[in-house]
Amino acid sequence: SLNYAYRRRDDEPNQIYAFVEARVSLRRVQQHGFLVRLRDLLGRREIFEFGSNGTIDPVFPYFGVANNHDLHGQDLLGRFFQTKLSTVGGFFNFQHPLWTYKPLGPGPVGTLRSLSGVGYYVDRITPYANSLFALERSTDAGSTRRGMLRLGLTWDRRDNEWSPRNGAFHDVTVETAGPWTGSTDAWGRVQASLRHYWQLGVPSLVFAHRLTYDALWGDAPFVPLGEFGGLMTSDGLGGTDTGRGWLRRRYIGKQKALASVELRFEPLEFKLGKHRLGLGLKGYVDLGMVAQRVVDLPLHLHVSGGPGLLIVWDRFAVIRLDGGFSRETRGFYLMTEHAF
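Quantities reported herein were computed from a predicted structural model and do not represent experimental measurements.

### So, the overall build of the protein chain
- A tally of regular secondary structure across the protein chain gives one helix and 17 strands.
- Taken over the C-alpha trace, the protein chain has a radius of gyration of 20 Å; the compact-globule value for 340 residues is 20 Å, and the two agree within 12%.
- C-alpha extents for the protein chain along the principal axes are approximately 60 × 45 × 40 Å.
- Counting across all 340 residues of the protein chain, residues that qualify as buried make up 51%.
- Summed over all atoms, the accessible surface of the protein chain reaches about 16200 Å², with 62% contributed by carbon and sulfur.
- Taken as two groups, the 41 positive and 33 negative side-chain charges of the protein chain have centres that lie 2 Å from each other.

Here it is in structure tokens:
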């Protein structure tokens, strides 16, 4: 992973941010992509963002749609719960500033922006013989095109883009897809995420929480059933960012809701020339619900959580090691950014 950031002053967001990454796992999963975010180039606090990615995943998980049954004791990493997925595509987003809030005190400035964007992805699914996917969703085998138009609103009042200690970050998006966007199927998605950050007395102690709701309608294809949408899609429920401790995409369905809380503590900070290196600990809990109908969401609550370690470089580069535990499995996640 290669990351580049430029900002005029330490107390401002990154004016230019870009990264290129390539991941290859011992299970032969490949993920490659890049992202570029350009902020305030026109002097109006606008944001341009574009990126692309490609994935080859021979162990892509499938445990059934809205399968809330306890699978403890089964071979969840076996071929029966796997299929092969290849995806390639990209996106472009533009956030136009609508209103700026400047507090009377020293708090961070808030900006309300409108969001418009497009995305296009092609998925190719190859089921394994006698797998659960082959038994339940054989009609999804082959290629699926996902062309999407996106509209929404964002509210950003974080004091720091990568390691916030105060403020909030919210987004609401609506996506539509169909033959008119180059998609194989006609479907749509609405998503809303609320994130808050509070400094508890001292700068080194931060309480963060997230609430997310994601709903699909129409003939939604297989891949979005296991995603939380928004500015940046993520796997869910289960994986590195949502439902840590559950296997990746353990719970999928048209209706998804998530609540997360984290207590982040960075008691140690070292100066290395002009730079600062922070070391810290964290504890978190993820609460998730997945169903095919919104009225069924409260029927099943999936809880996971655990401890973690943090390394923060200049409040820009974040390395986190999380240990996640659930009633079925446990996982350990090494990532280069906060979960939210």
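### Comments concerning the packing of aromatic side chains
- Per the stated rule, a full pass over the model turns up 16 aromatic pairs.
- For the ring pair Tyr17 and Trp162, a centre distance of 4.6 Å and an interplane angle of 50° mean the geometry is tilted. With a gap of 145 residues between them, Tyr17 in strand 2 (residues 16-24) and Trp162 in the loop between strand 7 (142-156) and strand 8 (167-177) connect regions that are remote in the sequence.
- With relative accessibility at 7%, the residue Tyr17 sits in the buried group.
- A residue is classified by how much of its surface remains accessible, and Trp162, at 15% relative accessible area, is buried.
- Here the aromatic rings of Phe48 and Phe92 are separated by 6.5 Å at their centres, their planes lie at 40°, and the arrangement is tilted. Taken together, the positions of Phe48 in strand 4 (residues 47-61) and Phe92 in strand 5 (residues 82-101) put the pair 44 residues apart, joining distant regions of the chain.

### Examining empty space enclosed by the protein
- With the rule as written, the count across this model stands at one cavity of 30 Å³ or more.
- Estimated volume of the largest cavity: approximately 60 Å³.
- Lining the largest cavity are Ser163, Pro164, Arg165, Pro203, Ser204, Val206, Arg264, Glu266 and His338.

### So, the environment of Pro106
- Mapping Pro106 onto the fold places it in the loop between strand 5 and strand 6 (110-127).
- Taking the C-alpha atoms as reference points, Pro106 and Gly64, separated by 42 residues in sequence, lie 50 Å from one another.

### Comments concerning the nonpolar core
- By size, the foremost hydrophobic cluster in this structure holds 27 residues, and its most contacted members are Tyr17, Tyr62, Phe63, Leu76, Trp187 and Phe222.
- For this core, the secondary-structure elements that each account for two or more residues are strand 2, strand 5, strand 6 and helix 1 (132-136).
- Once residues within four sequence positions are removed from consideration, Tyr62 is found in contact with Phe81, Leu132, Phe133, Glu136, Arg137, Phe222 and Ile252.

### Things to note about unusual backbone geometry
- For the peptide bond that leads from Gly236 to Leu237, omega is 0°, which places it in the cis range.
- A positive phi angle is found at Asp40, which is not glycine, with a value near 60°.
- Checked against the element boundaries, Asp40 lands in the loop between strand 3 (30-39) and strand 4.

### Section: the side chain of Arg244
- Within the secondary structure, Arg244 sits in the loop between strand 12 (234-235) and strand 13 (255-272).
- In terms of polar contacts, Arg244 uses its side chain to reach the side chain of Asp286, at 3.1 Å.

### Quick look at a nonpolar patch on the surface
- Taken together, the side chains of Leu281, Leu309, Ile311, Ile319, Leu321, Phe325, Phe332 and Leu334 make up a nonpolar region of the molecular surface, amounting to roughly 780 Å² of accessible area.
- When contributions to the nonpolar patch are tallied by element, the ones reaching two or more residues are strand 15 (302-313), strand 16 (317-325) and strand 17 (330-335).
- Of the residues examined, Phe332 reaches a relative accessible area of 59% and is grouped as exposed.

### With respect to the pattern of salt bridges
- Under the defined criterion, the tally for this structure stands at 29 salt bridges.
- Of the charged contacts, one joins Asp156 and Arg158 as a salt bridge, the two residues approaching to 2.9 Å between their closest N and O atoms.
- In this structure, Arg320 and Asp322 form a salt bridge, with 2.5 Å as the shortest nitrogen-oxygen distance.
- Judged by relative accessible area, which is 0%, Arg320 ranks as buried.
- Three or more residues joined by partner-sharing salt bridges are found here, namely Asp241, Arg244, Glu262, Arg264, Lys282, Asp286, Arg320 and Asp322.

### Topic: the pairing of strand 6
- Relative to strand 6, strand 5 is paired through 18 bridges, and the arrangement is antiparallel. Within the sheet, the bridge partner assigned to Thr100 lies in strand 6 and is Thr111.
- Here strand 6 runs beside strand 7; their pairing, made up of 15 bridges, is antiparallel. For Gly117, the partnering residue across the bridge sits in strand 7 and is Arg150.

### Topic: the environment of Glu161
- Turning to its location among the elements, Glu161 is positioned in the loop between strand 7 and strand 8.
- Taking relative accessible area as the criterion, Glu161 reaches 12% and is therefore assigned buried.
- In contact with Glu161, not counting residues within four places along its chain, are Pro13, Asn14, Arg37 and Arg39.
- Only 3.3 Å separates the side chain of Glu161 from the side chain of Arg39, close enough to count as a polar contact.

Here is what the cut-offs are and how they apply
Residues numbered from 1 in each chain as written. Predicted model: local features only at pLDDT ≥ 70, side-chain atom pairs only at ≥ 80, totals over all residues. Heavy atoms only, no water. Helix = DSSP H or I, 4+ residues; strand = E, 2+ residues; numbered from the N terminus. Rg over C-alpha atoms; globule rule 2.2 N^0.38 Å. Buried < 20%, exposed > 50% of the residue type's maximum accessible area, 1.4 Å probe, protein only. Areas by Shrake-Rupley, 256 points an atom, 1.4 Å probe, with all protein chains shown as cover. Lys, Arg positive; Asp, Glu negative; His and termini not counted. Charge placed at Lys NZ, Arg CZ, Asp CG, Glu CD. Phe/Tyr/Trp six-rings, centres within 6.5 Å; stacked < 30°, edge-to-face > 60°. 1 Å grid on protein atoms, 1.4 Å probe; cavity = no way out; pocket = protein on both sides within 12 Å on 5 of 7 lines; lining within 4 Å. Points joined across faces, edges and corners; volume = space filled by probe spheres on them. Core = buried A, V, L, I, M, F, W, Y, C linked by side-chain atoms within 4.5 Å. Contact = heavy atoms within 4.5 Å. Polar contact = N/O pair within 3.5 Å; in protein donor to acceptor, adjacent residues only side chain to side chain. Patch = residues over 30% accessible without salt bridge, like charges linked within 9 Å, V, L, I, M, F, W, Y side chains within 5 Å. Salt bridge = Lys/Arg side-chain N within 4 Å of Asp/Glu carboxyl O. Pairing = 2+ DSSP bridges.

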